[in-house]
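Listed here are the chains, written in short residue letters.
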Amino acid sequence: MADTSLSPRPMRAAWGWVQSPWTLGALILLVVALLDGANFWPVLTFAAAALLSTSKYILFAVTLLAYLKATGAEALVARAFVGRETRMIFFAALLGGLAPFCSCEVIPFIAGLLALGAPLAAVMAFWLSSPLIDPPTLLITAAALGWPFAIAKAVSAVALGLFGGFIIKALRGGGLFAQPLKNEPVKSCCGCGTPKAEQQPNWRFWQEAERRDTFRSQFVENALFLLKWLAFAYVLEALLVTYVRPEWIASLVGGEGVVPIATAALVGMPAYLNSYVAPPLLAGLMTQGMSAGAALAFMVAGAVSSIPAMAAVWSLVKPRVFATYLALGVSGAILSGVVFQMI
């Protein structure tokens, strides 16, 4: 029998296990225990208490997301891209914050819309608002940062979608972006197809065995996903609160004015992890001196420029559209932070 101990598949599996948030969180706690035993218990209890306080939001969020998937409610999103262009921009920006899509599901959805002739302005409105907020992210943000911040993020998502949509509409009127798509066909990275507008959701999903199975699998999958990333995030937050000196944060992104907000937006682009890790981390940074406006700018810019979001854009559209997407995201993040800071 051949020795498969060093074959690519077990090695990839082992590397995936090492990269797991569970493993990374445990390793961080182990390092704290070995190097600073006096702070191990405070760090552990802080992370555990934060995760426990968020558990009710996790339960509601995964139940809601599983319900949306099981019923097929994502098909409703496709209907926003039918009708007049201005109406489409408004509906696309609004639905972007409600769509229960993962990052890879957005790829075939957007590709299908553009291939069918949906206006780039409406597609961009959806594309900019979709990475920012969804029902689970809204609840996680509220749990970590409070409802005022969560609502501000939701409003920023819709406002950014409208901002980008109407900018693209104006630029298209001037003759730009006549052919936004690349020539290469794009496939989903998770095997999901593009929802069709004619599909009808079944709100009583429990009447069909296949939809019940979808609900169960989505519930378990999303619950494990949220738990592992939030547990890791709260360990990182505990480290921030314990070891990062407030004056360091305050000197970089604290205080009033546009400069700290713009700095946070630019730092947030490459530093962003995902929408579930960011709220606890920002909660720790804000306790250390980060301003509210800078925190919102960091979160908005990071969501737009996260690896899945940028990969989706780059895989579909030409470089000029990609550059415009990033420019709209960063400028919109700075504007969101400035307005929130003023309020």
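Residues numbered from 1 in each chain as written. Predicted model: local features only at pLDDT ≥ 70, side-chain atom pairs only at ≥ 80, totals over all residues. Heavy atoms only, no water.

Asker: Sorry if this is basic, but what is going on with the overall build of the chain here?
Answerer: Looking only at helices and strands, one finds 16 helices and zero strands in the chain. In the chain, which comprises 343 residues, the proportion classed as buried is 48%. Counting only contacts in the chain whose residues sit at least 6 apart along the sequence, the fraction spanning at least 24 positions is 82%. As displayed, the chain offers around 16,600 Å² of accessible surface, 69% of which is attributable to carbon and sulfur atoms. (Helix = DSSP H or I, 4+ residues; strand = E, 2+ residues; numbered from the N terminus. Buried < 20%, exposed > 50% of the residue type's maximum accessible area, 1.4 Å probe, protein only. Contact = heavy atoms within 4.5 Å. Areas by Shrake-Rupley, 256 points an atom, 1.4 Å probe, with all protein chains shown as cover.)

Asker: Teacher, can you tell me more about the environment of Phe149 here?
Answerer: Assignment of secondary structure puts Phe149 in helix α9 (residues 147-173). Considering only alpha carbons, one finds Phe149 and Leu296, 147 residues apart in sequence, at a separation of 7.8 Å.

Asker: Would you mind going over a nonpolar patch on the surface with me for this structure?
Answerer: A cluster of nonpolar side chains, Leu24, Leu27, Leu30, Val31, Leu34 and Leu35, forms an exposed patch at the surface whose accessible area comes to about 600 Å². Within the element layout of this structure, Leu35 appears in helix α2 (residues 21-35). (Patch = residues over 30% accessible without salt bridge, like charges linked within 9 Å, V, L, I, M, F, W, Y side chains within 5 Å. Salt bridge = Lys/Arg side-chain N within 4 Å of Asp/Glu carboxyl O.)

Asker: Help me understand the packing of helix α5 (residues 85-96) against α9 in this model?
Answerer: Packed helices, taken two at a time, are described by their axes: the angle between them and the distance between them. Interhelical geometry of α5 versus α9 gives an angle of 150 degrees and a closest axis separation of 8 Å. Judged by the angle between their axes, α5 and α9 are roughly antiparallel. Considering the relative orientation of α5 and α9, their crossing is right-handed. Contacts from Glu85, Thr86, Ile89, Phe90, Ala93 and Leu94 of α5 reach α9 at Val158, Gly161, Leu162, Gly165, Phe166 and Lys169. Split by residue class, the contact of α5 with α9 holds seven nonpolar, three polar and two charged. (Axes fitted to C-alpha atoms, helices over the stretch in contact; angles between N-to-C directions. Parallel < 35°, antiparallel > 145°, perpendicular 65-115°, else oblique. Left-handed = near helix turned anticlockwise from the far one by under 90°. Nonpolar A, V, L, I, M, F, W, Y, C, P; charged D, E, K, R; others polar.)

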